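Chain by chain, the residues:
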Amino acid sequence: FRLEGFDLKGGPIKAALGTFSGSGFSFTPTLKVLAEAFGSGNIETAIAANPLKLIPKLGSIKMSGLAIEAPDDKTKDAAGKPEIIKLGLRASEITVGAQKDGIPTAIKVSFDGLSMPISPREKRDGLKDIAALGYKGIDISMGVAGAWAEAKNQFDISNLSFSGVDMGSIGISALLGNITKDV
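What you see is a predicted model, and the numbers here were worked out from it, not measured in a lab.

## Let's talk about the overall build of the protein
Then, number 1: The helix and strand tally for the protein stands at 3 helices and 10 strands.
Then, number 2: The C-alpha atoms of the protein give a radius of gyration of 22 Å, which is well past the 16 Å a tight globule of 183 residues would have.
Then, number 3: When the backbone C-alpha atoms are referred to their principal axes, the protein occupies close to 70 × 40 × 25 Å.
Then, number 4: Partitioning the contacts of the protein with sequence separation of at least 6, the portion at a separation of at least 24 is 52%.
Then, number 5: Accessible surface for the protein amounts to roughly 11,900 Å². Of this, 62% is attributable to carbon and sulfur atoms.

Dropping the structure here:
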């Protein structure tokens, strides 16, 4: 499925979403297990034998072009009116790879361009500290990707990263051993 071009407004709050899509999902494995359970005559026993098989086939969810505006009662402008918080997200993705007995063996999660301006009058801890460093806004991206290799009993973290525009970036990868299906 794919949805495009949403604009929402409720009172002083506005939101827009460029695209929201999903692919690769299927309830066929779930329905197959349920049909077998009903056919066995003992539904509870059949499902209790391996409840993880009820998990549907998972896929990918992607979103882009999110923009939210809302008044901030904690921060006032020069005229004493609430400043407008603007939050944006260029793109995000959650993708699940092959599954073993319903459990994903690979996953990717990413957020690109999570952004918002920061008022020099910011009062909240954390954001106040960032404003004190001279930043007028934040624009951050982060991601994690990994996959389990059953034959090797390894989990490969191929990407674990964080970056901020004009802030810096860090990225690591790792290979974890002795990761069996029992973990």
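From this point, things continue past the structure.
## Points about the sheet that holds strand S1 (residues 2-10)
Then, number 1: Read across the sheet, 8 strands follow the order S1-S2-S3-S4-S7-S8-S9-S10 without closing on themselves; strand pairing throughout is antiparallel. Bordering the open sheet on either side are S1 and strand S10 (168-177), each of which pairs with just one other strand. When strand polarity is set aside, the average angle formed by the axes of neighbouring strands in this sheet is 15°.
Then, number 2: Relative to strand S8 (residues 137-149), strand S7 (residues 106-117) is paired through 10 bridges, and the arrangement is antiparallel. Bridged to Val109 within S8 is Val144.

## Let's talk about unusual backbone geometry
A negative phi angle is the norm for most residues apart from glycine, just as the trans form is the norm for most peptide bonds.
Then, number 1: For Asp166, which is not a glycine, the phi torsion comes out positive at approximately 60°.
Then, number 2: Following the sequence through the fold, Asp166 ends up in the loop between strand S9 (154-164) and S10.
Then, number 3: Looking at Asp166, the relative accessible area reads 69%, which means it is exposed.
Then, number 4: The backbone phi angle of Asn178 is positive, close to 60°, even though this residue is not glycine.
Then, number 5: With relative accessibility at 65%, the residue Asn178 sits in the exposed group.

## Concerning the packing of aromatic side chains
Then, number 1: In the structure shown here, the tally under the stated rule is 1 aromatic pair.
Then, number 2: Relative to Phe20, the ring of Phe1 lies with its centre 5.8 Å away and its plane at 40°, an arrangement referred to as tilted. On the criterion of sequence distance, the pair formed by Phe1 in the segment before S1 and Phe20 in strand S2 (residues 13-23) is long-range, its members being 19 residues apart.
Then, number 3: Phe1 sits in the exposed class, given a relative accessible area of 56%.

## So, the environment of Ile55
Then, number 1: In this fold, Ile55 is placed in the loop between helix H2 (43-49) and strand S3 (60-76).
Then, number 2: Linking Ile55 and Leu31, residues 24 residues apart in sequence, is a C-alpha distance of 9.8 Å.
Then, number 3: When near neighbours in sequence (up to four residues on either side) are disregarded, Ile55 contacts Pro29, Thr30, Gln99, Gly102 and Ile103.

## Section: the nonpolar core
Then, number 1: Of all hydrophobic cores here, the largest spans 5 residues; its members are Met116, Ile118, Leu127, Ala131 and Ile138.
Then, number 2: Beyond its immediate sequence surroundings of up to four residues, Met116 is in contact with Ile85, Lys86, Leu87, Leu127, Gly137 and Ile138.

## Describing helix H1 (residues 28-40)
Then, number 1: Look at H1: 18 Å from first C-alpha to last across 13 residues, which is about the 18 Å you get at 1.5 Å a residue.
Then, number 2: The set of residues buried in H1 consists of Thr30, Val33 and Ala37. An end-on view of H1 places all buried positions within 70° of arc, on one side of the element. Opposite the packed face of H1, turned more than 90 degrees from it, sit the exposed residues Thr28, Leu31, Lys32, Ala35, Glu36, Phe38 and Gly39.
Then, number 3: Looking at the buried positions of H1, the neighbouring elements they touch are H2.
Then, number 4: One or two steps after H1, the chain reaches Gly41, where phi turns positive at roughly 85°.

Calculation notes
- Residues numbered from 1 in each chain as written.
- Predicted model: local features only at pLDDT ≥ 70, side-chain atom pairs only at ≥ 80, totals over all residues.
- Heavy atoms only, no water.
- Helix = DSSP H or I, 4+ residues; strand = E, 2+ residues; numbered from the N terminus.
- Rg over C-alpha atoms; globule rule 2.2 N^0.38 Å.
- Contact = heavy atoms within 4.5 Å.
- Areas by Shrake-Rupley, 256 points an atom, 1.4 Å probe, with all protein chains shown as cover.
- Pairing = 2+ DSSP bridges.
- Axes fitted to C-alpha atoms, helices over the stretch in contact; angles between N-to-C directions.
- Buried < 20%, exposed > 50% of the residue type's maximum accessible area, 1.4 Å probe, protein only.
- Phe/Tyr/Trp six-rings, centres within 6.5 Å; stacked < 30°, edge-to-face > 60°.
- Core = buried A, V, L, I, M, F, W, Y, C linked by side-chain atoms within 4.5 Å.
- Expected span 1.5 Å × (residues − 1).
- Arc of directions from axis to C-beta.

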